[in-house]
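Summary of the model geometry
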Amino acid sequence: MSLPQRNETGGGFIVGNDNLRAILVFLGIGLVAGFLASLVVGGGGLLTYLVSGVIGSFVGGYLFSALNINLGIKNDLVRQIITSTVGAIIVVIIARLIA
């Protein structure tokens, strides 16, 4: 995925339909993952769900890849939600330990 290009006339960003769709799907997965993580560890509001889910997406993806964990699930969306939820649970637990 490439960065949005600068619009020469208006100063805004040009985001193609594919990039916009990918960003919205990513944020949707983060929101669902944050919500599911809050069911497990408690707490949160809509913004908290989104932040913990998006950060959890990166953490879960890194951990599953580093530990060579394969869930064996064929559906990409379900696999990403599960990976993001596990990451979000870890993020929330670590945040509570720090705070």
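Here the structure is a predicted model, which means the values were calculated and not measured. (Residues numbered from 1 in each chain as written. Predicted model: local features only at pLDDT ≥ 70, side-chain atom pairs only at ≥ 80, totals over all residues. Heavy atoms only, no water.)

**Some words on the side chain of Ser52**
Mapped onto the elements, Ser52 comes out in helix α2 (residues 46-66). Judged by relative accessible area, Ser52 falls into the buried class, the value being 7%. Reaching out from Ser52, the side chain makes a polar contact with the backbone oxygen of Tyr49 at a distance of 3.3 Å. Discounting residues that sit within four places of it in the chain, Ser52 has contacts with Gly34, Ala88 and Val92. (Helix = DSSP H or I, 4+ residues; strand = E, 2+ residues; numbered from the N terminus. Buried < 20%, exposed > 50% of the residue type's maximum accessible area, 1.4 Å probe, protein only. Polar contact = N/O pair within 3.5 Å; in protein donor to acceptor, adjacent residues only side chain to side chain. Contact = heavy atoms within 4.5 Å.)

**Details of the pattern of salt bridges**
All told, the structure shown has one salt bridge when counted by the stated rule. Between Arg79 and Asp76 there is a salt bridge, and its shortest N-O distance comes to 2.4 Å. With a gap of three residues between them, Arg79 and Asp76 both fall in helix α3 (residues 76-98), about one helical turn apart. (Salt bridge = Lys/Arg side-chain N within 4 Å of Asp/Glu carboxyl O.)

**Here we look at the side chain of Ser84**
Inspection of the secondary structure puts Ser84 in helix α3. Only 2.8 Å separates the side chain of Ser84 from the backbone oxygen of Gln80, close enough to count as a polar contact. Not counting chain neighbours up to four residues away, the residues in contact with Ser84 comprise Ile29, Ala33, Gly53, Gly56 and Ser57.

**Description of the confidence of the model for the chain**
Chain-level statistics for the chain give a pLDDT mean of 85 and a share of 84% at 70 or above. Mean pLDDT across the secondary structure elements of the chain bottoms out at strand β1 (residues 5-6), with 56, and peaks at α3, with 93. (pLDDT = per-residue confidence, 0-100.)

**Side note on the packing of aromatic side chains**
For any two aromatic rings, the description comes down to two numbers: the centre-to-centre distance and the angle of the planes. Summed over all chains, the structure comprises two aromatic pairs. Judged by centre distance (5.6 Å) and plane angle (80 degrees), the rings of Phe35 and Tyr49 are edge-to-face. Here Phe35 is found in helix α1 (residues 17-41), whereas its partner Tyr49 is found in helix α2, with 14 residues between them in sequence. Take Phe35: its relative accessible area is 39%, and that puts it in the partly exposed class. (Phe/Tyr/Trp six-rings, centres within 6.5 Å; stacked < 30°, edge-to-face > 60°.)

**Some details on the packing of α1 against α3**
Interaxial distance between α1 and α3 falls to 8 Å at its minimum, and their mutual angle equals 55 degrees. As summarised for this structure, α1 and α3 are arranged oblique, according to the angle between their axes. Judged by the twist between their axes, the crossing of α1 over α3 is right-handed. Residues Ile29, Val32, Ala33, Leu36, Ala37, Val40 and Val41 of α1 pack against Leu77, Gln80, Ile81, Ser84, Thr85, Ala88, Ile89, Val92, Ile93 and Arg96 of α3. When the residues that make up the contact of α1 with α3 are grouped by side-chain class, the tally is 13 nonpolar, three polar and one charged. (Axes fitted to C-alpha atoms, helices over the stretch in contact; angles between N-to-C directions. Parallel < 35°, antiparallel > 145°, perpendicular 65-115°, else oblique. Left-handed = near helix turned anticlockwise from the far one by under 90°. Nonpolar A, V, L, I, M, F, W, Y, C, P; charged D, E, K, R; others polar.)

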